[in-house]
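# Inside the fold
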Amino acid sequence: SGWLTASVVVRAVNDQIDKLLMPRLLSVGQLGTYNRPSGFVSQLKNRFFGIFDTILFPILSNVQDDMTKIRSAYNQVFSLLILLAASISFCMILVSDVIIAIFLGSQWEDLETLLHVMSLEIVFGAYRRICDCFIRSLGYVKMYFVTRCVSTITTILFVVVGSKYGIYGVAWAVIAAHLLDAFIKITYLNNKVRYSNSNYYKMLLSAFITPLILFCNCYGLKMLAGVNSLVCLCLFIILT
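Sequence positions are assigned chain by chain, starting from 1 and proceeding in written order. Selection of residues for local features in this predicted model requires a pLDDT of at least 70, selection of side-chain atom pairs for listing and counting requires 80 or more, and totals for whole chains, interfaces and linings are taken over all residues. Just so you know, side-chain values use all the structure's heavy atoms and leave hydrogens and water out.

### Considerations on the overall build of the protein
Helical segments are the DSSP runs of H or I of at least four residues, strand segments are the runs of E of at least two, and each set is numbered from the N terminus. Of the regular secondary structure elements, the protein holds nine helices and zero strands. When its helices and strands are written in sequence order, the protein yields α-α-α-α-α-α-α-α-α. The principal-axis extent of the C-alpha atoms belonging to the protein is close to 55 × 45 × 30 Å. Contacts in the protein between residues far apart in sequence, at least 24 positions, make up 78% of those at least 6 positions apart. Contact criterion: two residues are considered in contact whenever any of their non-hydrogen atoms come within 4.5 Å of each other.

### As for the environment of Asp97
Here Asp97 lies in helix α4 (residues 96–104). Put simply, Asp97 and Cys234 are 137 residues apart on the chain and 15 Å apart in space, counted from C-alpha to C-alpha. Setting aside chain neighbours within four positions, we find Asp97 in contact with Glu112, Lys222 and Ser229. Polar contact is defined as a pair of N or O atoms within 3.5 Å, subject to the rule that within protein one atom must be able to donate a hydrogen and the other to accept it, and that residues adjacent in sequence are counted only when both atoms are side-chain atoms. Side chain to side chain, Asp97 and Ser229 meet in a polar contact 3.0 Å long.

### Regarding a nonpolar patch on the surface
Side chains of Ile51, Ile55 and Ile59 sit close together on the surface and give an oily, nonpolar patch of about 300 Å² of accessible area. By the secondary structure assignment, Ile59 is in helix α2 (residues 28–62). The cut-offs for exposure are 20% and 50% of the maximum accessible area for each residue type, with area from a 1.4 Å probe on protein chains only; residues under the lower value are buried, those over the upper are exposed, and the others partly exposed. Residue Ile59 is classed as partly exposed on the basis of its relative accessible area, which comes to 47%. The residues that make up patches have over 30% relative accessible area and no salt bridge, and they are joined within 9 Å when like-charged or within 5 Å when they are Val, Leu, Ile, Met, Phe, Trp or Tyr. In these tables, accessible area is a Shrake-Rupley quantity obtained with a 1.4 Å probe, and a residue counts as shielded only by the protein chains included in the view. Whenever Lys or Arg places a side-chain nitrogen within 4 Å of a carboxyl oxygen from Asp or Glu, that contact is recorded as a salt bridge.

### Considering α4
Those residues of α4 that fall on the buried side of the exposure criterion are Ser96, Ile99, Ile100 and Leu104. Buried residues in α4, looked at end-on, bunch into an arc of 95°, giving them a common side. Along its buried surface, α4 packs onto α2, α3 (67–94), α5 (112–137) and α8 (197–224). Positive backbone phi, at 110°, marks Gly105, one or two positions downstream of α4. The arc in question is traced by the directions running from the helix axis to the C-beta atoms.

### Considerations on the pattern of salt bridges
Evaluated as defined, the whole model comprises nine salt bridges. When the shortest N-O distance is used, the salt bridge between Lys222 and Glu112 registers 4.0 Å. Note that Lys222 is positioned in helix α8 and Glu112 in helix α5, a separation of 110 residues in sequence. The class of Lys222 is buried, set by a relative accessible area of 11%. Of the residues examined, Glu112 reaches a relative accessible area of 22% and is grouped as partly exposed. Between Asp132 and Lys185 there is a salt bridge whose closest N-O contact spans 2.5 Å. You can see Asp132 sitting in helix α5 and its partner Lys185 sitting in helix α7 (residues 166–192), a full 53 residues away along the chain.

### Some words on the environment of Arg194
Structurally, the position occupied by Arg194 is in the loop between α7 and α8. Between the C-alpha atoms of Arg194 and Met67, which are 127 residues apart in sequence, the distance is 8.7 Å. Excluding residues within four positions of it along the chain, Arg194 makes contact with Met67, Arg71 and Leu189.

### Some points on the nonpolar core
To form a nonpolar core, buried Ala, Val, Leu, Ile, Met, Phe, Trp, Tyr and Cys residues must be joined to one another through side-chain atoms within 4.5 Å. Membership of the largest hydrophobic core comes to 64 residues, with the highest contact counts inside it found for Tyr74, Phe78, Phe134 and Tyr200. Those elements that place two or more of their residues in this core are α2, α3, α4, α5, α6 (141–162), α7, α8 and α9 (229–239). Setting aside residues up to four positions removed in sequence, Phe78 forms contacts with Ala73, Tyr127, Ile130, Cys131, Phe134, Tyr200, Met203 and Leu204.

### Points about the side chain of Lys185
For Lys185, a relative accessible area of 1% translates into the label buried. If sequence neighbours within four positions are ignored, Lys185 has contacts with Arg128, Cys131, Asp132, Ile135, Thr147 and Arg148.

### Quick look at the packing of aromatic side chains
A pair of aromatic rings is counted whenever rings of Phe, Tyr or Trp (Trp by its six-membered ring) have centres within 6.5 Å, and the orientation is called stacked for planes under 30 degrees apart, edge-to-face for over 60 and tilted otherwise. Scanning the entire structure with this criterion turns up ten aromatic pairs. On the numbers, 5.0 Å between centres and 65° between planes, the contact of Tyr74 with Phe78 is edge-to-face. One end of the pair, Tyr74, and the other, Phe78, are both in helix α3, four residues apart, so they sit about a helical turn from each other. Across the pair, exposure class does not vary: Tyr74 and Phe78 are buried alike. Plain terms: the ring middles of Phe90 and Phe208 are 5.9 Å apart, the flat faces sit at 55° to each other, and that makes the pair tilted. On the criterion of sequence distance, the pair formed by Phe90 in helix α3 and Phe208 in helix α8 is long-range, its members being 118 residues apart. Since its relative accessible area comes to 4%, Phe90 is described here as buried. Lysine NZ or arginine CZ positioned within 6 Å of the ring centre and within 35 degrees of the ring normal marks a charge as sitting over the ring. Stacked on the ring of Tyr140, the Lys or Arg Lys192 has its end atom at 5.2 Å from the ring centre.

Written out as structure tokens, the structure is:
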């Protein structure tokens with residue numbers, strides 16, 4: 001419980017580190033602009049991740065001594081939830097103009113590209129959250145704390161560098177830091193559950209490639225043929 005408590009404290013800082021640093025690195029005005037799409041994505045992400053966090057923890061805790069079941073869950077959970085996270089992220093990109101008009105207001109339509117970038121955080125955030133759930137459920141709580149600390153440090157470094165390119169640089173910096181964090185945790189878990197790294201990345205690729213191909217086709221219809229965003233969204237959901 002001590003390691004978990006410390007991890008929660010570090011996580012609270014880690015999740016807000018970009019917003020804490022931006023007034024110092026950029027300006028309060030740019031922080032306000034950044035917060036508009038970031039807050040929307042964060043709310044959606046937390047609701048989405050909270051669902052499978054609540055369900056997975058007791059299930060994995062009950063089978064933590066059965067490595068066969070753990071490996072089976074490891075494969076199924078990652079492949080299905082990455083497919084779902086990618087689909088949600090691509091749906092947001094397809095209708096980003098509609099989302100901004102409804103939830104933020106038409107005066108913020110210039111933030112559409114920034115919302116595209118931040119929508120990718122749903123995919124990469126899913127990697128981290130699933131890894132966190134496995135690490136906690138299997139009792140590797142000290143490692144959980146260590147990875148949280150490493151993630152906080154790398155996020156600070158990445159945000160400092162990214163801030164030189166404005167709010168878009170900060171957005172990409174956060175994604176890059178979270179992707180690095182996920183890679184460290186995935187490598188650690190693959191070793192613990194004796195799951196081949198090559199098989200793992202093949203599994204992720206197979207889960208990610210289908211929604212990516214469908215998204216590219218639907219986005220092409222939107223940008224090149226001028227098809228309505230909502231029509232493209234419906235087409236993407238049906239095909240997926």
